[in-house]
Structures are given as structure tokens and as C-alpha cells.
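Analysis of the macromolecular model
This is what each chain is made of:
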Amino acid sequence: MTIDCADPDRLARFWAEALHYRLEEPPEGFATWADYWRSKGVPEEEVGEGIGYDSVVDPGAVGPRIWFQQVPEPKVVKNRVHLDLDVTGGRRAPVAERRAVIDAEVERLVKLGATVVRVQGSDVGGSDYYAATMRDPEGNEFCVS
């Protein structure tokens, strides 16, 4: 999975924490990913500054690898695809319990640099839906449910 961004290191660090992933280390023998790509002949203008990390991986090798590709243009419209972080395991638990878990995760993600766009649902009036829409540090939308 690839996500366009202005600052790959910043987003890699955010999403590693958000997803409980780890930063992907460069191949053995290379101090940085930029050094690796230069060794493969990638032109300097494509390597960019090459400071820091630009990808994250699931430590359990189950989830997808995510690469943060530096691009010159800023994000200007809503994402066509977004991640949905299921922190409650679905609707098996009562909505009040799910709400507490979601609210705690939202608070953790805000401390990492995310912002809350809106909260949907409630635990009153019979609704059993509760989720939050958020933005990562570069404004990419994602949900927590």
C-alpha cells in the first residue's frame, strides 16, 4: 500500500504507532533507504532528501507493508481510500463499551498528531453505532471504530 505525502518520515512514525507496526529498516549494509536507492541507480531527484524512514511493516507479518511516497503537491481533496482502524472487534460488545475503547484510542492518536473530524453515533436512543473520523498529520482521513 502506498500513501502520497510531503514528509514520509513523519507519517511513517505516526502510522507505525497508530497501527502498532514498526518502522521498516533499510536493507542490510545500508545506513538509510536513500543510500539503498542510490545504490540501485535511482536518480537523486527521485530519492529526495532521504532522511529518516519511509515505510512501516506489521511485526506479525500479517498486515500490509505501507510505503509513504514523497510527492511535491499537497493533499487538496478528500481521500479516495482511507484506513479503518477496528479497535473494538466489531459490534460484539455493547456500544457503551465500544465507545470507551474508541474514545481512548482517539485520545492516543491525537497525542500522536492526529485530529478529530467528527464522531458518529451514540450510546443513546437505541443506536449501536459509534466511530470517529480523524486526519493523520498530513490531513489524510481515516476512521476509528
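Predicted model only: the values in this text are computed from it and were never measured.

**Looking at the overall build of the chain**
What the chain contains, in helices and strands, is 4 helices and 8 strands. Taken from the N to the C terminus, the helices and strands of the chain come in the order β-α-β-α-α-β-β-β-α-β-β-β. The principal-axis extents of the C-alpha atoms in the chain amount to approximately 60 × 35 × 25 Å. Burial analysis of the chain (145 residues in total) assigns 37% to the buried set. In the chain, 61% of the contacts between residues at least 6 apart in sequence involve partners at least 24 apart. Of the roughly 8,700 Å² of accessible surface on the chain, a fraction of 53% belongs to carbon and sulfur atoms. Once the 17 positive and 26 negative side-chain charges of the chain are each reduced to a mean point, those two points are 6 Å apart.

**Description of the sheet that holds strand β8 (residues 141-144)**
Across the sheet, 4 strands lie side by side as β5-β8-β7-β6; this open sheet has mixed pairing. For this open sheet the edge positions go to β5 (83-85) and β6 (115-121), each flanked by a neighbour on one side alone. Between one strand axis and the next, the sheet turns through 25° on average, direction left out of account. Where helix α1 (residues 8-19) meets the sheet, it contacts β5 and β8, and its direction lies at approximately 35° from that of β5. Here helix α4 (residues 95-112) sits on the sheet in contact with β5, β6, β7 (130-135) and β8, set at roughly 10° to β7.

Conventions adopted
- Residues numbered from 1 in each chain as written.
- Predicted model: local features only at pLDDT ≥ 70, side-chain atom pairs only at ≥ 80, totals over all residues.
- Heavy atoms only, no water.
- Helix = DSSP H or I, 4+ residues; strand = E, 2+ residues; numbered from the N terminus.
- Buried < 20%, exposed > 50% of the residue type's maximum accessible area, 1.4 Å probe, protein only.
- Contact = heavy atoms within 4.5 Å.
- Areas by Shrake-Rupley, 256 points an atom, 1.4 Å probe, with all protein chains shown as cover.
- Lys, Arg positive; Asp, Glu negative; His and termini not counted.
- Charge placed at Lys NZ, Arg CZ, Asp CG, Glu CD.
- Pairing = 2+ DSSP bridges.
- Axes fitted to C-alpha atoms, helices over the stretch in contact; angles between N-to-C directions.

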